[in-house]
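Structural overview for review
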Amino acid sequence: MSTTFTLDTATSRAHPVPVPVPVPVPLRRLTVPAIQKRKGGEPIVMLTAYTARMAQLLDPHCDLLLVGDSLGQVIYGLDTTVKVSLDMMIAHGAAVVRRSYRSVVVIDLPFGSYEESPQAAFRTAARVMQETGAAAVKLEGGAVMAPTIKFLSERGIPVMAHVGLTPQAVNALGGYGARGRSEAEAAKILEDAKAIAEAGCFALVVEGVVEPLAVAITQAVACPTIGIGASPTCDGQVLVVDDMLGMFERVPRFVQRFDDLAARISDAAARYAGSVRERRFPGDAQLYR
Ligand code: KIV
């Protein structure tokens, strides 16, 4: 008797069928150059995604999916992103690429994996791209990262940069307050933005800065800016998806909640628990007769 068999993946939750949406969705992935061309044009939509199913749900609505190192806090309950490992980023990055079809997937390089030298950054970024299939990486930092951004970009690795409030530097910054409140700090961040844009980043996240600074950066750099706690004049916007869905009690000033999922999940769990305890679940419809 043959011992070989084929798995019936059609009954699996992982069956690779894109979620049907009301409008027809082209199943061709956007490209980094297509995103670059959106400078000053149609606003770029970016959300974080950390899991396959969430990627599948967000993908038709986004231009970019960011596998942010915010997953350390959102998924793993860590207190800062400093503790996020490269293996975590690669595992979640691969899941997001696997179930997205349209968006450009960008993966954060975690703290400690790229700062040392352009060569170290190249090795990390190449591993991320090879093992996940993502199209680009993101790294934090100002002018000091310009040589690294140039080195990667010239070697076929598109880099999204990140200035302003850079969470991996929380220990140096002393917290998560908005940046650019003093003239000197605003001037420094603007110079950082110009230096890394000049070095060749294809897009620039501007996080947690006073609004006039975000406007000035957007005007000063040739690449699209993507704001979070920045300005509506940025070329695009990003939010941490769990913040946007209302999964956390704490709502930072820059977040708008588009749902209240935490309350809905809690309510569903309470109703499930009640049904189990009163032996109303499983009902007839859930039994194999
Ligand atoms: O890690 C992340 O989610 C980010 C965004 C907040 C931009 O860097």
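Bear in mind that the values here come from a model prediction, so they are computed numbers and not experimental data. (Residues numbered from 1 in each chain as written. Predicted model: local features only at pLDDT ≥ 70, side-chain atom pairs only at ≥ 80, totals over all residues. Heavy atoms only, no water.)

Observations regarding the overall build of the protein chain
The condition that has to hold: Here a helix means four or more residues in a row that DSSP labels H or I, a strand means two or more in a row labelled E, and each is numbered from the N terminus. It is over C-alpha atoms that the radius of gyration is taken, and the globule rule equals 2.2 Å times the number of residues to the power 0.38. Summary of the burial criterion: residues with accessible area below 20% of their type's maximum are buried, those above 50% are exposed, and those between are partly exposed, where the area comes from a 1.4 Å probe applied to protein chains only. For this analysis, residues touch if any pair of their heavy atoms sits within 4.5 Å. Areas reported here follow the Shrake-Rupley algorithm with a probe of radius 1.4 Å; residue values treat only the protein chains shown as occluding. His is not counted, nor are the chain ends; Lys and Arg add positive charge and Asp and Glu add negative charge. Charge positions come from single atoms, namely NZ of Lys, CZ of Arg, CG of Asp or CD of Glu.
Per the secondary structure count, the protein chain includes 11 helices and eight strands. The C-alpha atoms of the protein chain give a radius of gyration of 21 Å, which matches the 19 Å a tight globule of 289 residues would have. In terms of overall dimensions, the protein chain has C-alpha extents of about 70 × 50 × 40 Å along its principal axes. Counting the 289 residues in the protein chain, one finds 48% classified as buried. Considering only contacts within the protein chain whose residues lie at least 6 apart along the sequence, 59% involve residues at least 24 apart. Of the roughly 15,400 Å² that the protein chain leaves accessible, carbon and sulfur atoms contribute 57%. Looking at the protein chain, you have 29 positive and 29 negative side-chain charges, and the mean spots of the two groups are 5 Å apart.

Describing the domain arrangement of the protein chain
Quick note on the threshold: What counts as a domain boundary in this text is fixed by an automatic or database domain assignment.
What the domain assignment lists for the protein chain is domain 1 (32-258) and domain 2 (261-289). Of note, the centres of domain 1 and domain 2, computed from C-alpha atoms alone, are 39 Å apart.

Some details on the side chain of Gln168
Rules: In protein, a polar contact requires one atom able to donate a hydrogen and another able to accept it; more generally it is a pair of N or O atoms within 3.5 Å, and residues adjacent in sequence count only if both atoms are side-chain atoms.
Position of Gln168 among the secondary structure elements: in the loop between strand E5 (159-164) and helix H7 (170-173). A polar contact of 2.6 Å, which involves the side chain of Gln168, links it to the side chain of Asp69. Among residues more than four places away in sequence, those in contact with Gln168 are Asp69, Thr81, Val82, Leu109, Pro110, Phe111, Tyr114, Glu115 and Glu140.

What to know about the site of the ligand
What counts, and what does not: Throughout, near means a residue has at least one heavy atom within 4 Å of the molecule or strand.
Taken together, Thr48, Leu66, Gly68, Asp69, Ser70, Asp108, Lys138, His162, Val205, Ile228 and Val240 form the complete shell of residues around the ligand. For the ligand, the protein covers 95% of the area, taking 260 Å² as the surface of the free molecule.

A closer look at the side chain of Ser100
Mapped onto the secondary structure, Ser100 falls in the loop between helix H4 (86-98) and strand E3 (104-108). Here the side chain of Ser100 touches Val96 through a polar contact of 2.9 Å, landing on its backbone oxygen. Setting aside residues no more than four positions away along its own chain, Ser100 makes contact with Arg29, Asp59, Leu65 and Val105.

Regarding the pairing of strand E6 (residues 203-207)
This is how the line gets drawn: In this description, strands pair whenever DSSP reports at least two bridges between them. With strands facing away from the observer, any crossover in which the path from the first strand over the helix to the second runs clockwise is taken as right-handed.
With five of five residues buried, E6 lies mostly within the body of the structure. Taking every second residue as pointing to the same face, both faces of E6 are buried, with Ala203, Val205 and Glu207 on one and Leu204 and Val206 on the other. Relative to E6, E5 runs parallel, the two sharing five bridges. Considered in E6, the bridge of Gly164 is made with Glu207. Bridge count between E6 and strand E7 (residues 225-228): four bridges; the pairing is parallel. Bridged to Val205 within E7 is Ile226. Once you follow E6 into helix H9 (residues 211-220) and on to E7, the crossover reads as right-handed.

Here we look at the sheet that holds strand E8 (residues 236-239)
Under the convention used in this document: In this description, a line fitted to the C-alpha atoms serves as the axis of each element, helices being fitted only across the stretch in contact, and the angle between N-to-C directions of two axes falls anywhere from 0 to 180 degrees.
Reading around the circumference, E1-E2-E3-E4-E5-E6-E7-E8 is the order of the eight strands in this closed barrel, with parallel pairing throughout. Going from strand to strand, the sheet's axes swing by 25 degrees on average, the running direction of each strand aside. Taken together, the three bridges between strand E1 (residues 44-48) and strand E2 (residues 64-67) define a ladder with parallel strand orientation. Along E2, the bridge assignment pairs Met46 with Leu64.

Looking at the pairing of E2
Judged by which residues are buried, E2 turns out to be covered on both faces: Leu64 and Leu66 on one side and Leu65 and Val67 on the other are all buried. The β-α-β motif built from E1, the intervening helix H2 (residues 52-58) and the parallel element E2 has right-handed crossover chirality. Note that E2 and E3 share four bridges and pair parallel. Note that in E3 the partner of Leu65 across the bridge is Val105.

Observations concerning the pattern of salt bridges
Short version of the rule: Any Lys or Arg side-chain nitrogen located within 4 Å of an Asp or Glu carboxyl oxygen qualifies as a salt bridge.
Counting across every chain of the model gives 16 salt bridges. In this structure, the salt-bridge partner of Arg257 is Asp260, at a minimum N-O distance of 4.0 Å. Residue classification places Arg257 among the partly exposed residues on the basis of a relative accessible area of 33%. Owing to a relative accessible area of 34%, Asp260 belongs among the partly exposed residues under this scheme. Arg289 is paired through a salt bridge with Asp284; the nearest N and O atoms lie 2.5 Å apart. Overall, the relative accessible area of 78% leaves Arg289 in the exposed class. Connected through salt bridges with shared partners, the residues Arg38, Asp63 and Arg102 form a single ionic network.

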